[in-house]
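Letter by letter, the chains look like this.
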There are 2 protein chains.
Amino acid sequence: MTTRIQKRNRKRILDAALEVFAAQGFRGATLDQIAAEAGLSKPNLLYYFDSKEAIHRLLMEDLLASWLEPLRAIEPAGDPRAEIMGYMRRKLQMSREFPRESRLFANEILQGAPRLEDFIARDLKALVDDRAALIARWSAEGRLAAVDPYHLIFSIWALTQHYADFDAQIRLIREGSDPLEGAEPFLERLFERLLAP
Amino acid sequence: MTTRIQKRNRKRILDAALEVFAAQGFRGATLDQIAAEAGLSKPNLLYYFDSKEAIHRLLMEDLLASWLEPLRAIEPAGDPRAEIMGYMRRKLQMSREFPRESRLFANEILQGAPRLEDFIARDLKALVDDRAALIARWSAEGRLAAVDPYHLIFSIWALTQHYADFDAQIRLIREGSDPLEGAEPFLERLFERLLAP
DNA sequence: GTCTATATACAGATAGAC
DNA sequence: GTCTATCTGTATATAGAC
């Protein structure tokens, strides 16, 4: 059975691991760092999880489950521009709420996506292909500007995730003020202008 | 004196190190990987450079010297939209020609920019502030749409660097075809529409 | 469940032969 | 200049006391 203490400690460890893996990547992260961040000893940490890899794998599974949702939520029956703007807003909200998850993902891709190949080539690709086809239909019907649907999706990823992934840089340039301040109106305007037929 | 063999080996090492640091980050990279990639033994590698950190530092210095140039090349006397489109094109060209340098930079920022704090807070910030002021003037004169100049600069970074930094993901989604195929016309159109007064 | 102590592997770096 | 051998520190993981 699982006690309340066990649940709390597992959560603490995963939270600390997310912090460290997101900043250092899998190889760069150490159990010492994670244990210190979680406020536990290293052997105690390995009492809750079998290995460093087991912790990372669990974090990745949690991440991937949530990663597809915003794109999946685009409704074929909805208004084209409203649907795409809604997608952009959800992605921006994720950068605001889950910046560490975004950096964890970015780190994996930067490393050549060794642990994500299957997910991307299968699940993500299938969903992107489907949504790209939908966007192409909308464009053909004249309800949307005729833009390359793949680059449109990439541009939403790039522009929204940038605020989480390059947070350190933006903070140093805009000393003090919230990195996301003004981002939403800027992106609203950018995509409104891009998508107008 | 420096022989031809020394020059060639130093270049090989730096090239291999760029590859490995860009993919694994500083902590994640190992001298074994770099030595293998360079086709040299590990002690031989340390005959040419004092330490792992010395190699990384040299790579960073080379990178930073070239990192400011495109933004600096924006001409206050030029045509506003042409200058900004030119900046975007130069940045996209850098993602095409120097994707590893882009990933090296991304890795540093993801790690919280510990080795880049001074560069960003001083050199980069000063240049960005200057160019942001220029863009704000252009907007005030009605020669450019009234967009937030900082977010405009961030959007150019995000959209162009994404093709280098997330190359692995894009390749898996667009199996086979060049990740940058179609990127330039897409971005031209996006920024033309965004910047029209 | 949590600790100290430790086994084992691998990392960065050096010594010294050639 | 380049190698083999090795020193030293640190990493993951385990053993076993409490």
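Residues numbered from 1 in each chain as written. Chains lettered and ligands numbered in written order. Predicted model: local features only at pLDDT ≥ 70, side-chain atom pairs only at ≥ 80, totals over all residues. Heavy atoms only, no water.

### Description of the domain arrangement of chain A
Residue and element names in this part refer to chain A.
Then, number 1: The domains assigned to chain A are domain 1 (4–58) and domain 2 (68–195).
Then, number 2: Put simply, the middle of domain 1 and the middle of domain 2, counted by C-alpha atoms, are 29 Å apart.
Then, number 3: Surface buried jointly by domain 1 and domain 2 totals about 760 Å² across both partners, of which 54% is contributed by carbon and sulfur atoms.
Then, number 4: In terms of surface lost to domain 2, no three residues of domain 1 exceed Leu18, Ala22 and His56, which account for 59% of the buried area on that side.
Then, number 5: At the junction of domain 1 with domain 2, the criterion picks out 2 salt bridges.
Then, number 6: Taking the shortest distance from any N to any O, the salt bridge between glutamate 19 and arginine 100 comes out at 2.7 Å.
Then, number 7: Between the two partners, domain 1 and domain 2, sit 4 residue pairs in polar contact (both at pLDDT 80 or more). (Domains from an automatic or database assignment. Buried area = accessible area lost by both parts, 1.4 Å probe. Salt bridge = Lys/Arg side-chain N within 4 Å of Asp/Glu carboxyl O. Polar contact = N/O pair within 3.5 Å; in protein donor to acceptor, adjacent residues only side chain to side chain.)

### A short note on the environment of leucine 152 of chain A
Then, number 1: You can see leucine 152 of chain A is positioned in helix α9 (residues 149–165).
Then, number 2: With relative accessibility at 0%, the residue leucine 152 of chain A sits in the buried group.
Then, number 3: Residues in contact with leucine 152 of chain A, not counting those within four places in the same chain, are Ile84, Ile135, Val147, Phe191, Leu194 and Leu195 of chain A together with Phe186 of chain B. (Helix = DSSP H or I, 4+ residues; strand = E, 2+ residues; numbered from the N terminus. Buried < 20%, exposed > 50% of the residue type's maximum accessible area, 1.4 Å probe, protein only. Contact = heavy atoms within 4.5 Å.)

### Thoughts on the relation of the copies chain A and chain B
Then, number 1: Overlaying chain A on chain B yields an RMSD of 0.0 Å, the required transformation being a rotation through 180° with an accompanying axial translation of 0.0 Å. The two molecules are tied by a two-fold rotation axis, judged by turn and shift. Rotation axis and chain A: the residue whose C-alpha lies nearest the axis is glycine 28 of chain A, separated from it by 2.0 Å.
Then, number 2: By residue overlap, the copies meet face to face through one surface: 100% of the interface positions of chain A are interface positions in chain B. (Least-squares fit on C-alpha atoms with pLDDT ≥ 70 in both.)

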